Amino acid sequence: MSEAKPFCISKWEVWEAYKRVKANQGAAGVDEQSIADFERDLKGNLYKIWNRMSSGSYFPPPVRTVKIPKANGGERKLGIPTVADRIAQQVVKSRLEPMVDPRFHPDSYGYRPGKSAQDAVGQARQRCWRYDWILDLDIKAFFDNIPQDLLLRAVKKHAKEPWIVLYIERWLQAPVQEEDGQLVPREKGTPQGGVISPLLANLFLHYAFDRWMAERYPQVPFERYADDAIVHCRTETEAQEVRAAIAVRLQECGLELHPEKTKIVYCKDGNRRRTYPNEKFDFLGYTFRPRRSKNRQGKFFISFSPAVSDKAVKAIRAEIRSWNLHVRSDKSIEDLSRMFNPIIRGWLQYYGRFYRSALYPPMKQLDRSLARWAYRKYKKLRGHLRRATHWIARISRRDSRLWAHWQMGVRRGSMVGAV
């Protein structure tokens, strides 16, 4: 490292940042350079990033916009930085995160070391049993509307090195390149898709929401995952009061609660008998609602609990259909397992954490697809779909480790999830 450089950034930091970006993969930015392209001159490209960052002459290129369809029919804009820019952002994130993360609220779960979405769902589940009401918050176009002056004020409060502030400011001001090639200047927000953006979002909401809630409503717990948050209240009146206060607070911080999507929900169960227009809500891919459950003594009761959401099940079914297993008769069942089992394992690990039996229907769909594959592949099974179904069942009993869902007992039929 040259002593002539004004900013103390090591080449090792750039190398570590590259390794993280490579592990996360991701699409190419405006320069259309993939990670494989970047690696063709890896040493030279990494040196260029280090040299420019440590000298203060690094300026980020525009961010490529990609529109992703949303489940509710709208579109979400993702900002895709170049590979080099993602590495530069990772360098800054690796310096800033240890300074700010220890200060964050324990019920902030999104994109934090040692915390996960499942932790947030599990905590929400426990609190829904203790609190009768929740406030399901939806912040309108959060990433697009963060006021940059307030965000930079928070960054300056914690960043020890001036170059951290300098580069974050440049990233916030970098223009956006639309899909038609048009460059659009950005005066507010941070691109959803940037490496540094989740950390900046957490830092902003730490002051705009988390700390304010802890000071204003210390008796009201919440779980927040990035801009997705739910607040637990004891009464409907308290929920209405907290909702109004949060709306005012977010307006002060340049944000707005979505009037239709933000709602108060009654956590109905076997002991909570009143009726209310909203008795379920979605949080991080799970739907919370009254469900028939079984206690440790084997007795059934109604519990307000999470299970994989209808939206997630619909997406899983669509993904399974897209594999077109029935036309892959050139593949063995072991080949198909190698191709698709990692995806299934991921679904089971995430959505199977709570009320796992809700995953049985889409997993049975997968078995039907495998039966149709066997029906077309083997002459002895052609014309006998029922026989093909029994053949798949025998394989699942003989080698349950071949497919991840075979180990969760889906072949035994539907079961009621225990709490």
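Whatever comes next refers back to the structure up there.
Rules of the game
- Residues numbered from 1 in each chain as written.
- Predicted model: local features only at pLDDT ≥ 70, side-chain atom pairs only at ≥ 80, totals over all residues.
- Heavy atoms only, no water.
- Helix = DSSP H or I, 4+ residues; strand = E, 2+ residues; numbered from the N terminus.
- Contact = heavy atoms within 4.5 Å.
- Polar contact = N/O pair within 3.5 Å; in protein donor to acceptor, adjacent residues only side chain to side chain.
- Salt bridge = Lys/Arg side-chain N within 4 Å of Asp/Glu carboxyl O.
- Buried < 20%, exposed > 50% of the residue type's maximum accessible area, 1.4 Å probe, protein only.
- Disulfide = S-S within 2.5 Å.
- 1 Å grid on protein atoms, 1.4 Å probe; cavity = no way out; pocket = protein on both sides within 12 Å on 5 of 7 lines; lining within 4 Å.
- Points joined across faces, edges and corners; volume = space filled by probe spheres on them.
- Nonpolar A, V, L, I, M, F, W, Y, C, P; charged D, E, K, R; others polar.
- Core = buried A, V, L, I, M, F, W, Y, C linked by side-chain atoms within 4.5 Å.
- Pairing = 2+ DSSP bridges.

Asks: It is not clear to me how the environment of Tyr207 should be interpreted in this structure. Could you clarify?
Replies: With respect to the helices, strands and loops of the structure, Tyr207 is situated in helix α9 (residues 197–216). In this structure, the C-alpha to C-alpha distance between Tyr207 and Leu151, residues 56 residues apart in sequence, is 9.5 Å. Those residues in contact with Tyr207, other than ones at most four positions away along the chain, are Ala154, Lys157, His158, Trp212 and Arg249. Within polar-contact distance, the side chain of Tyr207 engages the side chain of His158 at 2.5 Å.

Asks: Can you walk me through the pattern of salt bridges in this structure?
Replies: Side-chain pairing between opposite charges can occur once the charged atoms of the two side chains come close. Here the structure, examined in full by the defined rule, presents 17 salt bridges. Close ionic contact of Arg127 with Asp107 constitutes a salt bridge, the shortest N to O distance being 3.0 Å. A residue pair is termed long-range when its members are at least 10 positions apart, and Arg127 in helix α5 (residues 117–130) and Asp107 in the loop between α4 (83–100) and α5 qualify at 20 residues. Here Arg127 falls in the buried class, since its relative accessible area comes to 10%. A single salt-bridge network, built from bridges that share partners, covers Glu13, Arg95 and Glu161.

Asks: Any chance you could explain the state of the cysteines here in plain terms?
Replies: Working definition: the covalent bond between the sulfur atoms of two cysteines is a disulfide. Taken as a whole and assessed by the stated rule, the structure comprises 0 disulfides. Left without a disulfide partner, Cys233 is nearest to the cysteine sulfur of Cys267, which lies 9.6 Å away. Overall, Cys233 belongs to the buried group, its relative accessible area being 0%.

Asks: Got a minute to help me understand empty space enclosed by the protein in this structure?
Replies: Unfilled space is identified by rolling a water-sized probe across the atoms. This model, assessed by the stated rule, comprises 2 cavities of 30 Å³ or more. Roughly 40 Å³ of internal volume is contained in the largest cavity. Leu137, Ile139, Leu205, Phe209, Arg224, Asp227 and Ala229 together form the lining of the largest cavity. Here the residues of the lining of the largest cavity sort into 5 nonpolar, no polar and 2 charged. The computed volume of the second largest cavity comes to approximately 30 Å³. Here the lining of the second largest cavity is built from residues that sort into 5 nonpolar, 4 polar and no charged.

Asks: When you look at the layout of surface pockets in this model, what are you seeing that I'm missing?
Replies: Volume-wise, the largest pocket comes out at about 1,600 Å³. Along the walls of the largest pocket sit 43 residues, with Lys70, Arg76, Asp138, Asp227 and Asp228 positioned nearest its centre. Among the secondary structure elements, those contributing two or more residues to the lining of the largest pocket are β2 (75–80), β3 (133–138), α6 (142–145), α9, β9 (281–283), α11 (310–322) and α12 (333–351). Among the elements that take part in the lining of the largest pocket, α11 stands out by supplying 4 residues, more than any other. Partitioned by chemical class, the residues of the lining of the largest pocket number 20 nonpolar, 8 polar and 15 charged.

Asks: In this structure, what is going on with the nonpolar core? I would like to understand it.
Replies: Soluble globular proteins tend to pack their nonpolar side chains together in the buried interior. The biggest cluster of nonpolar side chains holds 72 residues, and the ones touching the most others in it are Met53, Ile87, Ile168, Val231 and Ile246. Here this core takes 11 residues from α9, the largest share from any one element. Dropping the residues within four chain positions of it, Met53 is found in contact with Phe7, Ile9, Tyr58, Ala88, Val91, Val92, Trp163 and Tyr167. Formed by 51 residues, the second largest nonpolar core is a distinct cluster that contains Tyr109, Ile134, Ala312 and Leu359.

Asks: Quick question: what am I supposed to make of the pairing of strand β7 (residues 228–233) here?
Replies: Side-chain positions along a regular strand alternate between the two faces of the sheet. Across the 6 residues that make up β7, a large majority, 5, are buried. The pairing of β3 with β7 spans 6 bridges and is classified as antiparallel. What sits directly across from Trp133, in β7, is Cys233. As paired elements, strand β6 (residues 222–225) and β7 share 4 bridges and run antiparallel to each other. Across the sheet, the residue bridging to Arg224 is Ala229, located in β7. Here β6 hands over to β7 after 2 residues, with Ala226 in that stretch at a positive phi of 55°.

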